[in-house]
Amino acid sequence: VKSDPDNYQLSSDVFDAQAFLTNVWQKKACVFRGAFKNFCDPLTPDELAGIASEAGVDSRVITCASGDANNKALNWDLQHGPVDDYDQFGSTGWTLLVQAVNEHFSPAQSLLRAFRFLPDWRIDDLMVSFSAPGGGVGPHIDQYDVFIIQGEGRRRWQTGAPGNYAATCPHPDLKQIEGFSAITDDVLEPGDMIYIPAGVPHNGISIDHSLNYSVGFRAPSQAELLSALADYALEHDALQKRYTDDTSDLPAEPWLLHEGAVQRCKTLLLEALDDEQLLLQICAKVFSTNPRPPLPEWPEEPVNENTVNEWLAQSEFVYKAIGLRMIVVDGFVVCQGHWFASDTNVLNLFHIINDAEDGIESAQLAKNMSTKKARAFIAGLINEGLVFN
Ligand code: SIN
Ligand code: CO
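Residues numbered from 1 in each chain as written. Chains lettered and ligands numbered in written order. Predicted model: local features only at pLDDT ≥ 70, side-chain atom pairs only at ≥ 80, totals over all residues. Heavy atoms only, no water.

Trainee: Any chance you could break down the coordination of the cobalt ion (ligand 2) for me, citing the residues and the numbers?
Mentor: Geometry reference: four tetrahedral donors at a metal, ideal angle 109.5 degrees. Six octahedral donors, ideal angles 90 or 180 degrees. Looking at the metal site, the cobalt ion (ligand 2) is ligated by H140 (NE2), D142 (OD) and H202 (NE2), spaced 2.0 to 2.1 Å from it. All donors of the cobalt ion (ligand 2) belong to a single chain; written as a sequence motif, their spacing is H-x1-D-x59-H. With D142 in the loop between β5 (123-131) and β6 (146-150) and H202 in strand β12 (residues 202-206), this residue pair connects regions lying 60 residues apart in the sequence. Judged by its relative accessible area of 2%, H202 falls in the buried class. (Donors = N, O, S within 2.8 Å, 3.2 Å for Na, K, Ca; no water. Helix = DSSP H or I, 4+ residues; strand = E, 2+ residues; numbered from the N terminus. Buried < 20%, exposed > 50% of the residue type's maximum accessible area, 1.4 Å probe, protein only.)

Trainee: Help me get a handle on the pairing of strand β7 (residues 155-159), residues and values and all.
Mentor: Consecutive residues of a regular strand have side chains that alternate between opposite faces of the sheet. When you tally the buried positions in β7, you get four out of five residues, the bulk of the element. One ladder, built from five bridges, connects β7 with strand β10 (residues 184-188); its direction is antiparallel. Note on β10: the bridge partner recorded for Q158 is D185. (Pairing = 2+ DSSP bridges.)

Trainee: Lay out the layout of surface pockets in plain terms, naming residues and giving numbers.
Mentor: Within this model, the second largest pocket holds a volume of roughly 910 Å³. Looking at the second largest pocket, it is lined by 35 residues, and the ones nearest its centre are N102, Q109, K320, L324 and N354. Ranked by residues supplied to the lining of the second largest pocket, first place goes to helix α9 (residues 344-355) with four residues. When its residues are assigned to classes, the lining of the second largest pocket shows 17 nonpolar, eight polar and 10 charged. (1 Å grid on protein atoms, 1.4 Å probe; cavity = no way out; pocket = protein on both sides within 12 Å on 5 of 7 lines; lining within 4 Å. Points joined across faces, edges and corners; volume = space filled by probe spheres on them. Nonpolar A, V, L, I, M, F, W, Y, C, P; charged D, E, K, R; others polar.)

Trainee: Please provide a residue-by-residue account of the sheet that holds strand β14 (residues 317-320), values included.
Mentor: Strand order in the open sheet formed by three strands is β18-β14-β19, with antiparallel pairing between adjacent strands. The open sheet is flanked by β18 (360-361) and β19 (387-388), the only strands paired with a single partner. As judged from the two bridges shared by β14 and β18, these two strands associate in the antiparallel manner. From the neighbouring strand, F317 faces β18, where its bridge partner is E361.

Trainee: Account for helix α7 (residues 276-287), with residues named and values stated.
Mentor: Taking 1.5 Å of rise per residue, the 12 residues of α7 would be expected to cover 16 Å, and the 16 Å separating its terminal C-alpha atoms lies within 8% of that figure. For α7, every residue scored as buried is listed here: L278, Q281, I282, A284, V286 and F287. Buried residues in α7 make contact with α5 (222-236), α6 (259-272), β15 (326-329), β16 (332-335) and β17 (338-341). (Expected span 1.5 Å × (residues − 1). Contact = heavy atoms within 4.5 Å.)

Trainee: Describe the side chain of D343, listing the residues and the values that go with them.
Mentor: By the element assignment, D343 lies in the loop between β17 and α9. For the buried D343, no salt bridge exists, and the shortest N-O distance to an oppositely charged side chain is 5.6 Å, to K373. Polar contacts involving the side chain of D343 include one to the main-chain amide nitrogen of N345, which spans 3.0 Å. A distance of 2.9 Å separates a polar side-chain atom of D343 from the backbone nitrogen of V346. If we skip the residues at most four places from it in the chain, D343 touches T371 and K373. (Lys, Arg positive; Asp, Glu negative; His and termini not counted. Salt bridge = Lys/Arg side-chain N within 4 Å of Asp/Glu carboxyl O. Polar contact = N/O pair within 3.5 Å; in protein donor to acceptor, adjacent residues only side chain to side chain.)

Trainee: Before we move on, can you summarise the sheet that holds β12 with the specific residues and values?
Mentor: Strand order in the open sheet formed by three strands is β10-β7-β12, and the pairing between neighbours is antiparallel. The sheet terminates laterally at β10 and β12, the two strands that pair on one side only. Strand-to-strand twist in this sheet, taken as the mean axis angle between neighbours without regard to direction, amounts to 15 degrees. (Axes fitted to C-alpha atoms, helices over the stretch in contact; angles between N-to-C directions.)

Trainee: I'd like a rundown of the pattern of salt bridges, residues and numbers included.
Mentor: Side-chain pairs of opposite charge can arise where the charged atoms are in close proximity. Using the criterion set out here, one finds 11 salt bridges in the structure. D120 is the salt-bridge partner of R116, the closest N and O atoms lying 2.7 Å from each other. Notably, a salt bridge pairs R154 with D208, separated by 2.8 Å at the nearest N-O pair. Of this pair, R154 sits in the loop between β6 and β7 while D208 sits in the loop between β12 and β13 (210-217), placing them 54 residues apart in sequence. Judged by relative accessible area, which is 23%, D208 ranks as partly exposed. Salt bridges sharing common partners tie together R33, D186 and D192.

Trainee: Provide a residue-level description of the site of ligand 1, including the pertinent values.
Mentor: Taken together, L97, M127, S129, H140, D142, R155, W157, H202, N212 and S214 make up the full set of residues adjacent to ligand 1. At 2.6 Å from an oxygen atom of ligand 1 is found a side-chain nitrogen or oxygen belonging to S129. Residue H202 places a side-chain N or O atom 3.1 Å away from an oxygen atom belonging to ligand 1. Protein burial of ligand 1: of its 260 Å² of free accessible surface, 93% is covered by the chains. Elements supplying a minimum of two residues to the shell around ligand 1: β5, β7 and β13. Looking at side-chain class alone, the shell around ligand 1 contains three nonpolar, five polar and two charged residues. (Near = heavy atom within 4 Å. Areas by Shrake-Rupley, 256 points an atom, 1.4 Å probe, with all protein chains shown as cover.)

Trainee: Provide a residue-level description of the environment of A52, including the pertinent values.
Mentor: Looking at the element boundaries, A52 is found in helix α2 (residues 45-52). Given the relative accessible area of 1%, A52 is considered buried. Setting aside anything within four residues of it in sequence, one finds A52 in contact with V57, S59, P82, Y86, L96 and V98.

Trainee: Residue-level account of a nonpolar patch on the surface, with values.
Mentor: On the surface, a cluster of nonpolar side chains totalling about 230 Å² of accessible area is made up of L270, L273 and L279. Its relative accessible area of 31% is what places L279 among the partly exposed residues. (Patch = residues over 30% accessible without salt bridge, like charges linked within 9 Å, V, L, I, M, F, W, Y side chains within 5 Å.)

Trainee: Lay out the packing of aromatic side chains in plain terms, naming residues and giving numbers.
Mentor: In total, this model carries 30 aromatic pairs according to the counting rule given. Judged by centre distance (5.3 Å) and plane angle (40 degrees), the ring pair of F15 and F117 falls under tilted. Note that F15 is positioned in the segment before α1 (17-23) and F117 in the loop between α4 (106-112) and β5, a separation of 102 residues in sequence. Accessibility expressed as a relative area gives 5% for F15, which makes it buried. For F117, a relative accessible area of 22% puts it in the partly exposed group. Summarising the aromatic geometry, the rings of F117 and F147 are spaced 6.2 Å apart at their centres and angled 90 degrees between planes, so their arrangement reads as edge-to-face. Placement of F117 in the loop between α4 and β5 and of F147 in strand β6 is noted, with a sequence separation of 30 residues between them. (Phe/Tyr/Trp six-rings, centres within 6.5 Å; stacked < 30°, edge-to-face > 60°.)

Keep in mind these numbers describe shape, not what the thing actually does.
In structure tokens:
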């Protein structure tokens with residue numbers, strides 16, 4: 001029996017989510033043989049090439065001239081997509097990588113559901129790669145945790161010890177490391193999966209023509225969170241408290257920036273984070289916003305709570321913008337940083353839209369539009385260009 005591409009499940013005898021989270025997650029690399037029983041690829045290499053050729057899809061082809069990523073003396077190169085002639089790469093030593101395939105090919109979305117032992121908002125995207133024999137991206141380190149599922153074909157995966165490796169960039173967009181030495185070395189077959197924590201060096205070399213599905217996680221850095229905080233504060237005139245002097249602790253010389261002043265700035269900054277409401281705003285903004293901004297489709301005319309039902313009646317189906325991200329915060333639904341007060345209807349609507357892989361039946365939405373909050377929610381999404389018909 002082949003796996004059901006509409007409903008991928010991690011095999012419970014191979015992958016125990018609780019044990020994984022306790023012992024492996026963000027600690028060490030680990031191979032799970034037969035993680036997906038009788039794995040059935042959600043797409044074919046041709047479909048992947050088709051997706052890579054669509055406008056707005058981020059793809060690249062990485063080649064290593066010797067045709068064998070095992071060979072040390074390699075001549076690496078990278079070409080951004082869309083690529084129309086794959087023949088130029090020959091039969092070995094290249095790989096096509098396509099970012100955010102889940103957003104452009106909804107059947108691939110169902111693979112991500114297998115990872116719901118972690119919150120949806122931790123996931124960045126599903127990257128899919130097709131590699132010719134000997135193809136790979138070379139030894140490198142990622143800043144993010146990743147699960148790599150082996151689809152058709154076999155691929156050899158090596159992982160090494162975390163550390164400070166010298167970087168080497170054969171192309172400005174291809175960052176590899178020098179001195180990689182493998183500690184683990186496994187050949188993955190269809191349905192096998194490797195988990196690689198952020199910071200663990202690795203190298204994947206295709207043995208056959210193979211497909212790989214990388215479930216990548218997002219983890220904002222302090223810099224990103226602080227930048228979101230600053231953006232919010234400037235937009236809303238928040239955090240206006242200013243530096244004050246401690247007259248008992250002025251610098252000995254007037255040109256000196258003394259330790260006491262630095263500490264008072266630190267206190268001022270730390271106090272900014274004491275505003276729990278503000279903190280929630282920032283986190284909700286960051287995690288409800290797709291790093292690849294959705295392409296909005298604005299309505300011809302704005303709708304409001306009184307006209308939204310009429311708008312819904314115009315067409316049998318409505319659609320959500322590619323990459324729309326939504327999260328639930330106590331009492332609210334937040335979509336791409338826009339807050340909507342919620343009630344039972346709004347939560348129903350949230351689930352219908354969030355789970356939709358394709359067109360959404362207008363009638364399904366219409367059933368949940370009896371409250372003012374529900375109408376404001378849908379009207380808001382339409383006016384932001386995030387839901388359209
Ligand atoms: C892939 O080639 O499918 C994944 C590349 C990687 O990040 O190791
Ligand atoms: Co990687």
